[in-house]
Amino acid sequence: MKKTDRELGMLRQISRRDFIHGTSLTALGLMLPTGCGPTNDASTVSTGSVGYPPTRTGMRGSHPGSFETAHALARGGVRFDNPVDLVEEYDVVIVGAGISGLTAAYQYRKKFGPESRILILDNHDDFGGHAKRNEFHQGGDMRLSWGGTMNLEYLSFSNPVLQFLAGLGIDVQQLNKDLDFHYGGDGPAIWFDADTYGRDVLVPGFSIYGRNLDALDKIDLFPISESGRAALRQFYSSDTNILDGMSEREIEHVLRRTSYTEFLSRHAGLPDEAVELFTKATDGYWGVQPHSLSTTEAMNARLPGSHLLGDESDRAAGLEESEVVAMFPDGNASIARLLVQSLISAVAPAANAENIATARFDYGQLDRSGASIRLRLESTAVHVGNEDGHVAVTYVRDGTTSRVRAKHCVLACYHVIIPHLCPELPEEQKEAQRYQVKHPMLVTNVLLRSGKGFEQLGITGAYCPGRMHAKAWLIKGVNTAGYHEGRDVEGPVPVMFWGMVAPPRRDVPIHSQLREARQVLLEMKFEDFEHEVRTVLNGMLGPTGFDAAEDILAITVNRWPHGYAYGYLDLWDSEWKEGQAPHEIARQPLGNITIANSDAAASAYTQAAIEEAFRAVDELN
Ligand SMILES: Cc1cc2nc3c(=O)[nH]c(=O)nc-3n(C[C@H](O)[C@H](O)[C@H](O)COP(=O)(O)OP(=O)(O)OC[C@H]3O[C@@H](n4cnc5c(N)ncnc54)[C@H](O)[C@@H]3O)c2cc1C
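Nothing here was measured: the structure is a model prediction, and the numbers come from that model.

Which residues make up the overall build of the protein chain, and what are the values?
Counting secondary structure elements, the protein chain contains 21 helices and 19 strands. For a compact globule of 621 residues, the expected C-alpha radius of gyration is about 25 Å, and the protein chain comes in at 24 Å, within 12% of that figure. Taking the principal axes of the C-alpha coordinates as reference, the protein chain spans close to 75 × 60 × 50 Å. Going through the 621 residues of the protein chain one by one, you find that 59% of them count as buried. Considering only contacts in the protein chain between residues 6 or more positions apart, those separated by 24 or more positions represent 74%. When the accessible surface of the protein chain is summed, it comes to about 24,200 Å², and 48% of that surface belongs to carbon and sulfur atoms. One way to put it: in the protein chain the 58 positive side-chain charges average out to a point 4 Å from where the 81 negative ones average out.

Shown next, in the form of C-alpha cells:
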C-alpha cells in the first residue's frame, strides 16, 4: 500500500551525514579555496580530525567535499596559482589511493627499497577508491557491506596478481570456500512495483537471468497483459534456432551489431512491455542498459535468448568461470586496508589477512610527520609537471594550495582528469584520456533491524525492473577475514541496493549517455535515494509487517559518477590496431610521470588496477 512520506519514515532521525547535493558551477566557484593561512610545515597536516570514515553514513562514494576542487579545475577552468612550497621531499608522489595507487606504492617500495619516501594523495576522506568499506554499528554488533568494488574473480587472475595477493596473506580459495552469499541466486524474485505496474507484485522463484524452464508458470503472475505473458512463455520455451540458414555475415550482425533490445523485439518477437522487463538487468553488471549492448554482450551477462541461437546449454544452470568469486565482507576495501597496513603499519599494528575485516584503523597515523610513507586524504591534485629531472605536484587541501617535489609521480587517478592535471601531455594522448568516460554506478546500503521480512517471503533478493536500483540483496553468508554474518545470525542486517541511474533513453552516442547519467547522479539529493529505498522496502516487505519508519536503522548511499572503467563496446567502438586503442595511448609515460588506474587497461576490474600499477612502476627508472 502506498504510504505518505511520514509513514515511510522520511522525517525520522536516522543515521546520516549532512548532505550538500551537486552544485552549480557558480556555486563551485564560490566554494573554492580562499587561501586561508597557507603553511609549508607538513607536520601541521592534521589527519586526527578525519575520525573513522568507514562508519559515516548518508552520502558517500563521491561525497560532498571530494569533487568540488576537481570540477572547478576541469569544468570551471579555475587556476591554482601561487602554491605554497612544502619542505617535504619524496621519491614518489602517487595521485589516487584506490587499489591501483596503493599497489603502486607497494611496488615502488619493493623496487626502490624500504627507505623510499612516498606520498599518496586522494581527494576522498577515506582510502580505497571504489573499494569502499561501509561499516554499521546501529542496533548492535558491527555489520559490514560493500560500498563499491566487491568481487575477486580470481580464476581469471594472472600469476603475478595471485602472487601479489598471496604476499598480502590473501588466500583467495579459502575466501571462496568461506562464502555463502550468492547475489540472490539462491532465492531469486522479481518485484513489480505499483508506481510502474499499477500494483505491487512479488514473484518469488523467477530469475531475470537464464531460461527459467522450471518456472514458466510464474510468468502468469506478471502484472502485464495476457498477450505479453504469452509472448514471454513462448520466448523461453521455443527451441527454434533463428540463426539457421543465415550467412556468417548475417550471424555476425545479429550477435555483434544488433542491440539486445532489438534482438528481443525483432528476432525473438517480444512486445515492448516484455522487452522493458529486461531494461535494468545489466545495470549493475555493465553500467549500461541492453539497448546499448550487443546481443552477445547481454547474453554474456546471462540474459536469456542464447537458446534461440543454437546454444543448448542453460547458461543460468551452472556458474560461469567469471562468476566464481572470493569476497571480503567489505569487498576489496579489505585489500586496500591490507595494503595501507603494509605501508604504514602503525594504522593497525596487529591486522592481517585473517582479521582484516574486523581490525580497527587509526586514521590519525596515515599522515604522520617524519614517516617515510604518508597517505594524505581530502587532497586533490590540480597540477603535475616535470621540472629539471623532478616532478612537481600541486594539490589543494582544506582550502590551501600546496606543492611538493619528488623524483617520480604515478597518476593512479581517473584518466579524464589527467589532461587538466598535466597540460604538457601531447594532444593525442589527452584526447585518448578524454575518451575514457567511466560508467556511473550506485550502491545504496540500508541497515534493517532484521532480515525476517526476506526470510518470511523466502527470498534473498529481488530484481526490480521499475525502480532506480535494479536489484536489492540481503547481505548474509559472508564469513571471511574474521567476520561472521551467517544465515542464522539474528539482528540487524544490511540490504544492498545495486545499479545505476539512467537518463531518459535517447538515441545518442554512449559517451553522451554516460556523461548525462553522471550529471543526473551528481545532482540527486540524499532524500531522493532515501525516499526510493524506503518506498521499495515498504512495497516489497510491507506484507510481512515490515515498517519502513521503524525498521530502517541507517542508510549509506555510495554514488560513483566516475564508476566502472570504460571498456570497449560492440555497438560503439572501433577495432583498434594494437597500440592504437585509446587506453594504450592514454597510459604513455611522460618524463618521470607514469600512468596507472584500471582506466589504463580499459577494464573495470581489480586485477586490472593491480596490473596497471605494476606496469606504471616498472616504467620508472
Ligand atoms: C560500484 C562499483 C563496483 C565494482 N565492483 C567490482 C567488483 O566486484 N570486482 C572488480 O574487480 N571490480 C569492481 N569494480 C571496478 C573497480 O573500479 C576496480 O576493481 C578498482 O577498484 C579500481 O581501482 P583504481 O585504483 O583503478 O581506481 P579508483 O578506485 O577509482 O581509485 C582512483 C582514486 O583516485 C582518486 N582521484 C581521482 N582524481 C584525483 C585527483 N585529482 N587527486 C587526488 N585523487 C584523485 C579517485 O577519487 C579515487 O579515489 C567496481 C567499481 C564500482 C564503481
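Could you give an account of the pairing of strand 12 (residues 390-397), with specific residues and numbers?
Counted residue by residue, strand 12 has 7 buried out of 8 residues, so it is predominantly covered. Between strand 11 (residues 379-387) and strand 12, which follow one another and run antiparallel, lie 2 residues, and Asp 388 among them has a positive phi close to 45 degrees. Examined bridge by bridge, strand 12 and strand 13 (residues 400-411) share 7 bridges and lie antiparallel to one another. Bridge assignment links Val 396 to a residue of strand 13, and that residue is Thr 401. Where strand 12 hands over to strand 13, the hairpin turn is made up of 2 residues, of which Asp 398 adopts a positive phi near 55 degrees.

Give a description of the site of the ligand that names residues and reports values.
As a matter of local geometry, the ligand sits amid 35 residues, with Asp 122, Asn 123, His 130, Asn 151 and Thr 606 nearest to it. For the ligand, an oxygen atom lies 2.7 Å from a polar atom in the side chain of His 130. In the environment of the ligand, an oxygen atom lies 3.1 Å from a nitrogen or oxygen atom belonging to the backbone of Met 150. The protein chains hide 98% of the 980 Å² of surface that the ligand would expose on its own. For the shell around the ligand, the secondary structure elements donating two or more residues are helix 4 (99-112), strand 11, strand 14 (439-448), strand 18 (552-564) and helix 21 (606-618).

If you had to explain the packing of helix 4 against helix 14 (residues 333-343) to someone new, which residues and values would you point to?
Relative orientation of the contacting elements helix 4 and helix 14 amounts to 30 degrees, with a least axis distance of 10 Å. Regarding the angle of helix 4 to helix 14, the classification is roughly parallel. The chirality of how helix 4 crosses helix 14 is left-handed. Residues Ile 99, Leu 102, Thr 103, Ala 105, Tyr 106 and Arg 109 of helix 4 lie in contact with helix 14, whose contacting residues are Ile 335, Ala 336, Leu 339, Val 340, Ser 342 and Leu 343.

Could you give an account of the pattern of salt bridges, with specific residues and numbers?
For the structure shown, the criterion picks out 37 salt bridges. A salt bridge links Asp 330 to Arg 133; its shortest N-O distance comes to 2.7 Å. You can see Asp 330 sitting in the loop between strand 9 (326-327) and helix 14 and its partner Arg 133 sitting in strand 4 (residues 133-136), a full 197 residues away along the chain. In terms of burial, Asp 330 and Arg 133 fall into one category: buried. Overlapping salt bridges, with partners in common, bring together Asp 85, Glu 387, Arg 403 and Arg 405 in one network.

Report on the domain arrangement of the protein chain, specifying residues and quantitative values.
What the domain assignment lists for the protein chain is domain 1 (33-131 + 328-434 + 569-618) and domain 2 (214-315). Computed from C-alpha atoms alone, the centre-to-centre distance between domain 1 and domain 2 is 42 Å. Between domain 1 and domain 2, the contact holds 4 residues from the first and 11 residues from the second. Taken together, the two surfaces of domain 1 and domain 2 that pack against each other cover about 630 Å², and 49% of this comes from carbon and sulfur. Contact with domain 2 buries surface across domain 1, with Leu 569, Asp 570 and Leu 571 losing the most and accounting together for 84% of the total. For the pair domain 1 and domain 2, the number of links is 1 salt bridge. Here Arg 256 and Asp 570 are joined by a salt bridge, their closest N and O atoms 2.9 Å apart.

Pulling in residues and values, what's your account of the environment of Gly 477?
Tracing the backbone through its elements, the reader meets Gly 477 in the loop between strand 16 (469-474) and strand 17 (493-499). Remark: the alpha-carbon pair of Gly 477 and Val 489, spanning 12 residues in sequence, is separated by 9.2 Å. Discounting chain neighbours no more than four positions away, the residues touching Gly 477 are Asp 178, Leu 179, Asp 180, Phe 181, Glu 485, Gly 486 and Arg 487.

Cut-offs used in this document
Counting restarts for each chain: residues are numbered from 1 in the order of the written sequence. For this predicted model, a pLDDT threshold of at least 70 governs which residues receive local features, and a threshold of 80 or more governs which side-chain atom pairs are given and counted, while totals over whole chains, interfaces and linings are taken from all residues. The basis for the side-chain values is all heavy atoms of the structure; hydrogens and waters are excluded. What counts as a helix is a DSSP run of H or I of at least four residues, what counts as a strand is a run of E of at least two, and both are numbered from the N terminus. Both definitions apply: the radius of gyration is a C-alpha atom measure, and the globule rule equals 2.2 Å times residues to the power 0.38. When accessible area is computed with a 1.4 Å probe and restricted to protein chains, residues below 20% of their type maximum are described as buried, those above 50% as exposed, and intermediate ones as partly exposed. Note on definitions: a residue-residue contact is assigned when non-hydrogen atoms from the two residues lie within 4.5 Å. Note on areas: Shrake-Rupley, 1.4 Å probe, and residue coverage restricted to the protein chains presented here. Neither His nor the chain ends contribute to the count of charged residues, in which Lys and Arg are positive and Asp and Glu negative. Charge positions are represented by NZ for Lys, CZ for Arg, CG for Asp and CD for Glu. Strands are labelled as partners when DSSP assigns at least two bridges between them. We define proximity as follows: a residue is near a molecule or strand when any one of its heavy atoms falls within 4 Å of that partner. Side-chain atoms alone can form a polar contact between residues adjacent in sequence; in general such a contact is a pair of N or O atoms within 3.5 Å, and within protein one must be able to donate a hydrogen while the other accepts it. Axis angles are defined between N-to-C directions and span 0 to 180 degrees, where every axis is a line fitted to C-alpha atoms and, for a helix, only to the segment in contact. When an angle is under 35 degrees it counts as roughly parallel; over 145 it counts as roughly antiparallel; between 65 and 115 it counts as roughly perpendicular; any other value is oblique. Crossings are assigned a handedness: left-handed for a near helix turned anticlockwise from the far helix by less than a right angle, right-handed for a clockwise turn. Definition used for salt bridges: Asp or Glu carboxyl oxygen within 4 Å of a side-chain nitrogen of Lys or Arg. Those domain boundaries reflect an automatic or database domain assignment. Simply put, the buried area is the total loss of 1.4 Å probe accessible area from both parts when two parts are fitted together.

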